[in-house]
Amino acid sequence: MARLNVNPTRMELRRLKDRLKTAERGHKLLKDKSDEMIRQFLILVKENKRLREEIEGEIAEALKSFSLASGEPLNVAQAIALPTLTAQITVGTKNVMGVDVPFMQTKRVGNIELPYALGAVPAELDDAILKLTSLADKLLHLAEVEKTCNMLSDEIEKNRRRVNALEYVMIPQLQETIKFIMMKLDENERASIVRLMKIKS
């Protein structure tokens, strides 16, 4: 392992020992952070999978109802042309293990879910609209969870690189340099003792 290019002095030795202590403490903290981020990531991935399967099933049912209702496309188009419900979405961020991830909250404005006379269109359209309306919140939550998973996976990768750099490059370099300086200082001390002995004799 390559060592750092420093002067072998006691002052440099003390400075390098302090750096080594800090690097080891930082390595432990980053390793703990990495473990916790992976745990959070696995929880979110499970939730993402569950939400995705649930939503895909509900979307398939809603689209099936919609295709059954669209036998009379002109009536259906006129019936859903003017929505009576609107959604207000509040977007913000929340902190997960030092990563700012998106956070969305929805609020519905309006009180009539079906914007048409019930006798004017097939009953399947009612099912389709009610299912798709209830799916809006779940879709936003799924988007939030998926983005959080992506951001956490990027951060886990960055953190892993930092941990590896400390573990396999910086800490061994510092240890090698400290060992070299200590050997040099011991060698200098032995040389000075030999010199003193020769002077005495």
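Note that the structure is predicted; figures quoted are calculated from it, not measured.

Undergrad: I would appreciate a short explanation of the overall build of the protein chain in the present structure.
TA: What the protein chain contains, in helices and strands, is 3 helices and 2 strands. Listing each helix as α and each strand as β along the protein chain from the N terminus yields α-α-β-β-α. When the accessible surface of the protein chain is totalled, it reaches about 13,700 Å², and 57% of it is carbon and sulfur.

Undergrad: What should I look at first to understand the environment of Leu51 in this one?
TA: Among the secondary structure elements, Leu51 is positioned in helix α1 (residues 10–69). A residue is classified by how much of its surface remains accessible, and Leu51, at 4% relative accessible area, is buried. Along the chain, Leu51 and Lys138 lie 87 residues apart, while their C-alpha atoms are 7.6 Å from each other. Discounting chain neighbours no more than four positions away, the residues touching Leu51 are His141, Leu142 and Val145.

Undergrad: Before we go on, may I ask you to explain the pattern of salt bridges in this structure?
TA: When charged atoms on two side chains of opposite charge get close, those side chains can pair. Applying the stated criterion to the full structure yields 14 salt bridges. Here Arg50 makes a salt bridge to Glu54, at a shortest N to O gap of 3.1 Å. You can see Arg50 and its partner Glu54 sitting in helix α1, 4 residues apart, about one turn around the helix. Overall, the relative accessible area of 44% leaves Arg50 in the partly exposed class. Judged by its relative accessible area of 30%, Glu54 is partly exposed.

Undergrad: Mind showing me how you'd approach the confidence of the model for the protein chain here?
TA: Low-pLDDT portions of the prediction should not be read for the details of their coordinates. Of the residues in the protein chain, 87% reach a pLDDT of 70 or more, and the chain-wide mean stands at 85. Mean pLDDT values over the elements of the protein chain span from 65, in helix α2 (residues 73–79), up to 91, in α1.

Undergrad: Help me out: how do you make sense of the pairing of strand β2 (residues 99–109) in this one?
TA: When a strand is regular, its side chains alternate between the sheet's two faces. Two elements, strand β1 (residues 86–96) and β2, share 11 bridges in a ladder whose sense is antiparallel. Counterpart to Thr93 in the pairing with β2 is Pro102. Here β1 folds back onto β2 in antiparallel fashion, the turn holding 2 residues, of which Met97 has a positive phi close to 55°.

Undergrad: How do you make sense of unusual backbone geometry when you look at a structure like this?
TA: Most peptide bonds adopt trans geometry, and most residues besides glycine take a negative phi value. A positive phi angle is found at Met97, which is not glycine, with a value near 55°. Secondary-structure assignment places Met97 in the loop between β1 and β2. Under the relative-accessibility criterion, Met97 is labelled partly exposed at 28%.

Undergrad: Would you mind going over the environment of Lys28 with me for this structure?
TA: Relative to the helices and strands, Lys28 is located in helix α1. Between the alpha carbons of Lys28 and Leu166 there is a distance of 9.9 Å; along the sequence they are 138 residues apart.

Undergrad: Looking at this model, I keep getting lost on the side chain of Thr177. Mind explaining?
TA: Here Thr177 shows up in helix α3 (residues 123–200). The exposure class assigned to Thr177 is buried, which follows from its relative accessible area of 0%. Not counting the four nearest positions on each side in its chain, Thr177 is found in contact with Arg3, Leu4, Val6 and Leu16.

Undergrad: When you look at the environment of Gln175 in this model, what are you seeing that I'm missing?
TA: Positionally, Gln175 belongs in helix α3. Assessed through its relative accessible area of 39%, Gln175 is described here as partly exposed. A sequence separation of 172 residues divides Gln175 from Arg3, and the C-alpha atoms of the two residues are 8.3 Å apart. In contact with Gln175, other than residues within four places in its own chain, are Leu20 and Glu24.

About the criteria used
Residues numbered from 1 in each chain as written. Predicted model: local features only at pLDDT ≥ 70, side-chain atom pairs only at ≥ 80, totals over all residues. Heavy atoms only, no water. Helix = DSSP H or I, 4+ residues; strand = E, 2+ residues; numbered from the N terminus. Areas by Shrake-Rupley, 256 points an atom, 1.4 Å probe, with all protein chains shown as cover. Buried < 20%, exposed > 50% of the residue type's maximum accessible area, 1.4 Å probe, protein only. Contact = heavy atoms within 4.5 Å. Salt bridge = Lys/Arg side-chain N within 4 Å of Asp/Glu carboxyl O. pLDDT = per-residue confidence, 0-100. Pairing = 2+ DSSP bridges.

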